[in-house]
Amino acid sequence: MVTIDSTLENIMQLDFASREMLLEILQKRQIEARRDVMAKNAKQSLKEYHSGKITPLTADEIVKKLNTF
């Protein structure tokens, strides 16, 4: 079984430049994964909006709703 600890031990065996490259790759992949989630949420929201499940709110209505949390 692969664990974070064993993975980190393996990574630390890499030279400094390779670790820097790995860090950059991971950061870029995380950004892309976030974009994918945001795009999926946006598509779902548009689908719900077009089907009438949600309606637009004014800025004042949004602020009132946020203040209830």
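Structure first, text after, so check above.
Here the residue numbers are simple positions, counted from 1 along each chain's written sequence. Local features in this predicted model are restricted to residues of pLDDT 70 or higher, and side-chain atom pairs are both shown and tallied only at a pLDDT of 80 or more, whereas totals for entire chains, interfaces and linings draw on every residue. Hydrogens are left out, water is left out, and the side-chain values use all remaining heavy atoms of the structure.

1. Here we look at the overall build of the protein
- Secondary structure follows DSSP: runs of H or I at least 4 residues long count as helices, runs of E at least 2 residues long count as strands, and numbering of each begins at the N terminus. For the protein, the helix and strand inventory stands at three helices and zero strands.
- The order of α-helices and β-strands along the protein, N terminus first, is α-α-α.
- Taken over the C-alpha trace, the protein has a radius of gyration of 21 Å; the compact-globule value for 69 residues is 11 Å, which it surpasses by more than 25%.
- With respect to the three principal axes, the spread of C-alpha positions in the protein is 55 × 25 × 25 Å. Radius of gyration here uses only the C-alpha atoms, and the compact-globule reference equals 2.2 Å multiplied by the residue count raised to the power 0.38.

2. Observations regarding helix α2 (residues 16-50)
- Take the residue count of a helix, subtract one, and multiply by 1.5 Å to get its expected span. When the terminal C-alpha atoms of α2 are compared, their 51 Å separation across 35 residues agrees well with the 51 Å that a helix rising 1.5 Å per residue should span.
- At the N-terminal end of α2, a side-chain oxygen is found 3.1 Å from the backbone nitrogen of Ala17, two or three residues along, and the residue is Asp15.
- Just past α2, the residue Gly52 takes up positive phi, approximately 85°. Pairing of N or O atoms within 3.5 Å defines a polar contact, subject to two protein rules: one partner must be a possible hydrogen donor and the other a possible acceptor, and residues neighboring in sequence count only if both atoms are side-chain atoms.

3. Side note on the pattern of salt bridges
- For salt bridges, the criterion is a side-chain nitrogen of Lys or Arg within 4 Å of an Asp or Glu carboxyl oxygen. Considering all chains together, one arrives at two salt bridges under this definition.
- We note a salt bridge from Glu24 to Lys28, for which the minimum N-O separation is 3.1 Å. Here Glu24 and its partner Lys28 are both found in helix α2, four residues apart, which amounts to about one turn of the helix.
- Note on Lys28: relative accessible area 53%, which makes it exposed.
- Arg35 serves as the salt-bridge partner of Glu32, at 3.6 Å between the closest nitrogen and oxygen. Here Glu32 pairs with Arg35, and both are found in helix α2, just three residues apart, close to one helical turn.
- Partly exposed describes any residue whose relative accessible area lies between the buried limit of under 20% and the exposed limit of over 50%, with all areas from a 1.4 Å probe on protein chains only and scaled to the type maximum. Judged by its relative accessible area of 52%, Arg35 is exposed.

4. Notes on a nonpolar patch on the surface
- The grouping of Leu57, Ile62, Leu66 and Phe69 at the surface amounts to a nonpolar patch, some 460 Å² of accessible area in total.
- Tracing the backbone shows Ile62 in helix α3 (residues 59-67).
- By relative accessible area, Ile62 is classed as partly exposed at 38%. Distance thresholds for patches are 9 Å for like charges and 5 Å for nonpolar side chains (Val, Leu, Ile, Met, Phe, Trp, Tyr), applied to residues having over 30% relative accessible area and no salt bridge. In this description, accessible areas are obtained by the Shrake-Rupley approach with a 1.4 Å probe, and a residue is regarded as covered only by the protein chains that are shown.

Keep in mind these numbers describe shape, not what the thing actually does.
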